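# A structural walkthrough
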Amino acid sequence: MSGLRTRLASRAGAGVAALSRSVGAGDGSVIGGRVSLALDPGALASLGRGHPAGLVSGTNGKTTTTRLLAAALETAGPVVTNLGGANLPPGLVTALARAGPGAMAALEVDEAYVPRVAQALSPRALCLLNLSRDQLDRINEVRMLAGRWRSAVAAMASTTVVANADDPMVAWAAGTAPQVVWVAGGLAWHLDATGCPACEGVIAFAGAGAGAGSAGGEWSCTAGCGLRRPRPEVLLDGADLVRRSEDGEERFALSVCLPGAHNRANAMMAAVTAAQMGVSLAEAARAVGAVGEVAGRYGVVRVEGAAARLILAKNPAGWMTVFDLLAPGPLAVAINARVADGRDPSWLWDVPFERLAGRTVVATGERCRDLAVRLRYAGVDHVTEADLGRAVTLAHRLRLSQDGAGGPTAAELPDRPVDVVANYTSFQALRRLGRRGGGERG
Amino acid sequence: MTAESAVRVVVVHPDLLGTYGDGGNGMILARRLAWRGIDVELVQSPSGSPVPEAADFYCLGGGEDGPEARSAVELAGGALNRAVEAGAAVLAVCAGFQLVGHSFAGADGSPRPGLGLIDVTTAKGDGPRAVGELVAEPVASALAGLPTLTGYENHGAVTALGPGVEPMARVRSGVGNGAGDGTEGAVSGRVFATYLHGPVLARNPALADALLGSVLGPLAPLDDSEADELRRERLAATARLRRWHRRRRP
């Protein structure tokens, strides 16, 4: 039961959130939570009391995995979760203030806030997906962040950490946890994990290049500091999720609606996390597989009459999971560099855009000029159009003109979506455009 | 033409010194040569194997403290020093800048020996980390006539220049070397060192050509209209930010 101060603080926050919604400023999660936290700095801890929590963090896949975790936990009872990516303490406060008595919480947490949130909530489970370069103007260095995780989990006696054994940064960070379940969650991007986080040695990967979701190969520090891939207890094998123990192995069919190997890995991480919170792994695997869309990712929207499939990719590791999902032909790529994106888009040079050679790319977003220069050096044909709406309609037109002869009939053409890959705030802006332009469909 | 006659561009330890997109610099040098019809070979030289010594250009990028120290240990054999003595040019950015100097700070803050290619010394700074757009006017004699340099800095260390180097540029906006003298980067012979990311050569094609020209002599101009647009946009954005900060000052 939360104290009077917290109840008043969260009621004040809810009031401000409702006001924010009514004036159309957003869903009010962040501003409402800020008000609550200003009135009661202990609001997160007191609101969390009585709600067993599963936290999800990592550079990529947080929102999706949290949604999948919520779906798995819902098989056991009511669940509260922070939708819309509000993953800083104010967003968490708002989510928890809405929780009914005894509801479990599935919460996405920003990487940098894991220590603070975990300390406040003493979660039942903490799911650590991956760590790679993203928003370096704020995060600065990946190893510093891994080090902060490592200190935090060492003190978490009542938490089971569900950790990706394929990512050396995560494996090192989770290595101090009193209770940990290692999962072979794959690694899409190796270049932030070459320098050993434990010493100044170098990590060697066997079979480097294994993508996200593929059970990654072994890795170890060549300087002999002892850091090596922990033996995963849970992994993917073909269509199955496999749990190994001393008594042998159990297999569970895992059929995931979301596209891509990385989403199979997210589904596995979510199911294993739910299994630490009282849901059977079989039940969890069924529930995560059934989730069809998460926060507009891969959803089709209509922007100024043009159908567009929205794909989120906000850093090099994210892009590595996207190339194989793209439909052939022209596409639009939207890049912003606001605070939530990271102010420095230099990471565009770590993305192998050379793989788009032969297509036409419409470069858009507030930093379309950075992208245009990158594409020029990559030898990729491109057009620069800063306005998101105009860029999508242009890309759609280009796609239709290439589909032209022998393709679908003229009546079908306008419904064939063009792929639009966007980073965080440009993705949100495109969703807003889509809502204005006739609504999202699944 | 055989590979022996091709110009060689080596990206040094992209797996350790590539955190901030600086791998783009090697790519940019290579493409700018190829666009001019010059035969070029771009070599990625990862950690754990010797850096090729017979090359014309070496690029070192930014990296985290631990990997930077590792890179310095691997380069201590002198391959890069010998290549520079033989006439190669170097572009060293951020951690790369620090490790071509006399010494720099390791992850634990203790001083580590650098390659001593240029007369600079780096230590951990006391102030907040320098993060943001950086604008600087080139002052090094090798960069005479170059337009304003623009890029993005992200570093916690402070680099002091010795008498054996020229500053690359004078800071107009941002922090740069951070030692209180208002300088950014350093130039010594054919070694060009800077804190600018972006990558620096994407935002400053004239610097790319100055670097290439230091070894190959004058080069034909290229169409840099897209980079020019990016430069105009970034310089205008930084100027807006400066005005905003000035207005907020009491």
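In this text, all values refer to a predicted model and were calculated from it rather than measured experimentally. (Residues numbered from 1 in each chain as written. Chains lettered and ligands numbered in written order. Predicted model: local features only at pLDDT ≥ 70, side-chain atom pairs only at ≥ 80, totals over all residues.)

What chain A contains, in helices and strands, is 15 helices and 18 strands. The C-alpha atoms of chain A give a radius of gyration of 22 Å, which matches the 22 Å a tight globule of 442 residues would have. Seen through its principal axes, chain A has C-alpha atoms that stretch 60 × 55 × 40 Å. Residues classed as buried in chain A amount to 57% of the 442 residues present. The contacts in chain A between residues at least 6 apart in sequence include a share of 68% that link residues at least 24 apart. (Helix = DSSP H or I, 4+ residues; strand = E, 2+ residues; numbered from the N terminus. Rg over C-alpha atoms; globule rule 2.2 N^0.38 Å. Buried ≥ 20, exposed ≤ 12 C-beta atoms within 10 Å, placed from the backbone. Contact = placed C-beta atoms within 7 Å.)

Membership of the largest hydrophobic core comes to 126 residues, with the highest contact counts inside it found for Ala332(A), Ala395(A), Val420(A), Tyr58(B), Val90(B) and Val100(B). Among the elements that line this core, the one with the most residues is helix H13 (residues 368–378) of chain A, at seven residues. In this structure, this core is formed jointly by two domains, domain 2 (42–289) and domain 3 (300–441) of chain A, each of which donates at least three residues. Residues contacting Val100(B), with those up to four places away along its chain left out, are Leu60(B), Val90(B), Ala92(B), Gly114(B), Leu115(B), Leu117(B), Ile118(B), Val191(B) and Ala193(B). Ala70(A), Leu145(A), Val161(A) and Trp172(A) belong to the second largest nonpolar core, which has 91 residues in total. (Core = buried A, V, L, I, M, F, W, Y, C linked by C-beta atoms within 7 Å. Domains from an automatic or database assignment.)

Attention shifts here to the interface of chain B and chain A. Interface size, as often reported, equals the accessible area lost upon joining of the parts. Contact with chain B, which involves 31 residues of that partner, is made by 24 residues of chain A. A class-by-class count of the residues in the side of chain B that touches chain A yields 12 nonpolar, 11 polar and eight charged. (Nonpolar A, V, L, I, M, F, W, Y, C, P; charged D, E, K, R; others polar.)

Here we come to the pairing of strand E1 (residues 53–57) of chain A. Residue and element names in this part refer to chain A. Of all five residues making up E1, five are buried, and the element is well covered by its neighbours. Of the two faces of E1, both are covered, the one formed by Ala53, Leu55 and Ser57 as well as the one formed by Gly54 and Val56. Of the pairings in the sheet, the one linking E1 to strand E3 (residues 104–108) comprises four bridges and is parallel in character. The residue bridging Gly54 from the neighbouring strand is Ala106, located in E3. (Pairing = 2+ DSSP bridges.)

Right, let's talk about the pairing of strand E13 (residues 191–194) of chain B for a bit. All names here are of chain B. Residues Val191 and Ala193 point to one face of E13 and Phe192 and Thr194 to the other, with burial holding for every one of them. Here strand E4 (residues 89–93) pairs with E13 via four bridges, running parallel. From the neighbouring strand, Val90 faces E13, where its bridge partner is Val191. Two strands pair when backbone bridges link them, and strand E12 (residues 183–188) and E13 are joined in this way by three bridges, in the antiparallel orientation. For Val187, the partnering residue across the bridge sits in E13 and is Phe192. The turn linking E12 back onto E13 is made up of two residues, and Gly189 within it adopts a positive phi angle of 60°.

Residues and elements named next belong to chain B. Taken together, the nine strands give an open sheet; going across it, the order is E2-E1-E3-E4-E13-E12-E11-E8-E9, and neighbouring strands pair in mixed fashion. Each end of this open sheet is capped by a strand with a single partner; those strands are strand E2 (40–45) and strand E9 (149–155). The mean inter-strand angle of the sheet, taken between neighbouring strand axes irrespective of direction, is 25°. In this sheet, E9 lies alongside strand E8 (residues 130–138) in antiparallel orientation, the contact comprising seven bridges. Paired with Leu134 across the two strands is Gly151, which belongs to E9. The strands that helix H6 (residues 205–216) touches are strand E3 (57–60), E4, E9 and E13; relative to E4, the one it contacts most, it runs at about 150°. (Axes fitted to C-alpha atoms, helices over the stretch in contact; angles between N-to-C directions.)

The next thing to look at is unusual backbone geometry. With omega at -10°, the peptide bond leading from Gly198(B) into Pro199(B) counts as cis. If you check the backbone angles, Ser122(A) has positive phi at about 40° while not being a glycine. Along the chain, Ser122(A) falls in the loop between helix H6 (114–121) and strand E4 (125–128). The exposure class of Ser122(A) is partly exposed, given the 15 C-beta atoms found within 10 Å. The phi torsion at Ala295(A) lies on the positive side, around 45°, for a residue other than glycine. Note on placement: Ala295(A) falls in the loop between helix H11 (281–289) and strand E12 (300–303).

In this section: the domain arrangement of chain A. Residues and elements named next belong to chain A. Taken domain by domain, chain A holds domain 1 (7–40), domain 2 (42–289) and domain 3 (300–441). Relative to domain 2, the C-alpha centre of domain 1 lies at a distance of 29 Å. When contributions to the side of domain 1 that touches domain 2 are tallied by element, the ones reaching two or more residues are helix H1 (4–22) and helix H2 (29–39). Considering every element that reaches the side of domain 1 that touches domain 2, the biggest residue donor is H2, with seven residues. Among the residues making up the side of domain 1 that touches domain 2, the classes are represented as five nonpolar, six polar and three charged.

This part takes up the packing of helix H4 (residues 62–73) of chain A against helix H10 (residues 261–275) of chain A. Residue and element names in this part refer to chain A. Taken N-terminus to C-terminus, the directions of H4 and H10 make an angle of 45°; their axes are 8 Å apart at the nearest point. With respect to their mutual orientation, H4 and H10 come out oblique. Read as a crossing pair, H4 and H10 show a hand that is right-handed. Of H10, the residues touching H4 (which contributes Thr64, Thr65, Leu68, Leu69, Ala72 and Leu73) are Asn263, Asn266, Ala267, Met269, Ala270, Ala271, Thr273 and Ala274. (Parallel < 35°, antiparallel > 145°, perpendicular 65-115°, else oblique. Left-handed = near helix turned anticlockwise from the far one by under 90°.)

This next bit is on the environment of Gly305(A). All names here are of chain A. Relative to the helices and strands, Gly305 is located in the loop between E12 and strand E13 (306–312). Taking the C-beta count within 10 Å as the criterion, Gly305 has 12 such neighbours and is therefore assigned exposed. Between the C-alpha atom of Gly305 and that of Val392, which follows or precedes it by 87 residues, the distance is 9.6 Å.

What follows concerns the environment of Pro417(A). Residue and element names in this part refer to chain A. In this structure, Pro417 sits in the loop between helix H14 (388–403) and strand E17 (418–422). C-alpha of Pro417 to C-alpha of Pro230: the two residues are 187 residues apart in sequence and 43 Å apart in space. With residues up to four places along the chain from it excluded, the contact list for Pro417 reads Val300, Ala307, Ala308 and Arg309.

All names here are of chain B. With their axes 10 Å apart at the nearest point, helix H1 (residues 23–35) and H6 run at an angle of 75° to one another. It follows that H1 is roughly perpendicular to H6 by the angle criterion. Here H1 contributes Ile28, Leu29, Arg32 and Leu33 to the contact with H6, which in turn contributes Ala208, Asp209 and Leu212. Residue classes in the contact of H1 with H6 are distributed as five nonpolar, no polar and two charged.

Here we take up H4(A). Residue and element names in this part refer to chain A. With 12 residues, H4 should reach 16 Å at 1.5 Å per residue; the first-to-last C-alpha distance of 16 Å fits that figure. Within H4, 12 of the 12 residues are buried, which leaves it mostly tucked inside the rest of the structure. For H4, the set of buried residues is Lys62, Thr63, Thr64, Thr65, Thr66, Arg67, Leu68, Leu69, Ala70, Ala71, Ala72 and Leu73. Along its buried surface, H4 packs onto E1, strand E2 (79–81), E3, E4, H10 and H11. (Expected span 1.5 Å × (residues − 1).)

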